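# Secondary and tertiary structure notes
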Amino acid sequence: MPIRDKFPAEYFSTNPLAGSTPHQAFKRLQWGNTHRKTHTFEAPEPMVLLGELAMLVFLGGKSQKYKENELFVAVGNESNYVYLVPIGKGKTPIDFPLNYFRGCQPITQIKRIDYYSEKGGESAYYYHDHEKPYPMLYVNDDHFFLLPAKHRGGRSYAVNDEGIIG
């Protein structure tokens, strides 16, 4: 049985973080941690940090490893999409290009995402194996996001208190 089936179907047809402010969502996603810093930058929507990207595994098995301080993994507080945001000087996110979504280009489907995060006061390496149908990785400039595939009238993945599911 796919892991996705262990969660309520509404997680995949709505935003599990709906009704939460970005600070509340951070506390939920980081298992009780409170934010230490807030960054203001141009983005398509308010975002909540999940961690720093370590690796992506693409459909077909190829993978791409990332250096420390290269990309943040964040979730859109309104869309529930996973974003990969470049890290600039002072470990701050780099502004998104204007008309971000209009300029996005599909790259490939993603089978797995690995990231470093501190959840519940403990730093760890996390990974998520996406289930079929796989989300599509889009890029505009150096900014990326994972567009969920359509699945059973909903979406193929969601982000909630357990992290990325589906």
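Everything below is about the structure printed above this text.
Every chain is numbered on its own, with residues counted from 1 as its sequence reads. Restriction of local features to residues with pLDDT of at least 70 applies here, the model being predicted, together with a cutoff of 80 or more for giving and counting side-chain atom pairs; totals for whole chains, interfaces and linings are based on all residues. No hydrogens and no water enter the side-chain calculation; it runs on all heavy atoms of the structure.

### Looking at the side chain of Asp 114
To keep it simple, the criterion reads: Starting at the N terminus, helices and strands are each numbered in turn, a helix being any DSSP run of H or I of at least four residues and a strand any DSSP run of E of at least two. Burial classification: accessible surface area is computed with a 1.4 Å probe over protein chains only, and a residue below 20% of its type maximum counts as buried, one above 50% as exposed, and the rest as partly exposed. Working rule for contacts: check all heavy atoms of both residues, and any pair within 4.5 Å makes them a contact.
With respect to the helices and strands, the residue Asp 114 is situated in strand β5 (residues 105-119). In this structure Asp 114 comes out as buried when scored by relative accessible area, which is 1%. Aside from chain neighbours lying at most four places away, what touches Asp 114 is Glu 52, Leu 53, Ala 54, Met 55, Tyr 125, Tyr 126 and Tyr 127.

### Quick word on the side chain of Gln 30
Condition: Polar contact is defined as a pair of N or O atoms within 3.5 Å, subject to the rule that within protein one atom must be able to donate a hydrogen and the other to accept it, and that residues adjacent in sequence are counted only when both atoms are side-chain atoms.
In this fold, Gln 30 is placed in the loop between α1 (22-29) and β1 (47-58). Here the side chain of Gln 30 touches Leu 49 through a polar contact of 3.0 Å, landing on its backbone oxygen. Polar side-chain contacts of Gln 30 include one of 3.3 Å to the backbone oxygen of Leu 50. Beyond its immediate stretch of four places on either side in the chain, Gln 30 contacts Leu 49, Leu 50, Ser 117, Glu 118, Lys 119 and Gly 120.

### Focus on the environment of Asp 141
Counting through the fold element by element, Asp 141 comes out in the loop between β7 (136-140) and β8 (143-147). With a relative accessible area of 54%, Asp 141 lands in the exposed category. Expressed as a C-alpha distance, the spacing of Asp 141 and Lys 119, which sit 22 residues apart in the sequence, is 30 Å.

### Quick notes on the packing of aromatic side chains
Put simply, the rule reads: Only centres within 6.5 Å qualify two rings of Phe, Tyr or Trp (six-membered ring in Trp) as a pair; their planes then separate them into stacked at under 30 degrees, edge-to-face at over 60, and tilted for everything else.
According to the stated counting rule, one finds 13 aromatic pairs in the structure shown. When the centroid spacing of 5.1 Å and the interplanar angle of 70° are considered together, the rings of Tyr 100 and Phe 101 count as edge-to-face. Judged by its relative accessible area of 42%, Phe 101 is partly exposed. Aromatic pair Tyr 115 and Tyr 126: ring centres 5.8 Å apart, planes at 25°, arrangement stacked.

### Some points on the nonpolar core
Our working rule: Here, nonpolar core means buried Ala, Val, Leu, Ile, Met, Phe, Trp, Tyr and Cys residues that are tied together by side-chain atoms lying within 4.5 Å of each other.
Grouped together as the largest cluster of nonpolar side chains are 26 residues, with contacts concentrated most on Leu 56, Val 82, Leu 84 and Ile 113. Those elements that place two or more of their residues in this core are α1, β1, β3 (71-76), β4 (82-86), β5, β7 and β8. If you tally residues by element for this core, the top one is β1, at five residues. Sequence-distant contacts of Ile 113, defined by excluding residues within four places in its chain, comprise Leu 53, Met 55, Leu 56, Val 73, Val 82, Leu 84, Tyr 126, Tyr 127, His 128, His 130, Leu 146 and Ile 164. Met 47, Phe 72, Val 85 and Phe 96 belong to the second-largest nonpolar core, a separate cluster that totals eleven residues.

### Digging into the pattern of salt bridges
So the rule is basically this: We define a salt bridge as a contact between a side-chain nitrogen of Lys or Arg and a carboxyl oxygen of Asp or Glu at a distance within 4 Å.
Per the counting criterion, the structure on display carries seven salt bridges. Among the salt bridges present, the one from Asp 5 reaches Arg 152, with a minimum N-O distance of 2.9 Å. Taken together, the residues Asp 5 in the segment before α1 and Arg 152 in the loop between β9 (150-151) and β10 (154-155) connect sequence positions 147 residues apart. Taking the relative accessible area as the measure of exposure, Asp 5 reaches 31% and is therefore partly exposed. Overall, the relative accessible area of 64% leaves Arg 152 in the exposed class. For Arg 112, the salt bridge identified is with Asp 129, shortest N-O distance 3.9 Å. Of the two residues, Arg 112 sits in strand β5 while Asp 129 sits in strand β6 (residues 122-129), which places them 17 residues apart along the sequence. By relative accessible area, which is 41% here, Asp 129 ends up partly exposed. Overlapping salt bridges, with partners in common, bring together Arg 112, Asp 114 and Asp 129 in one network.

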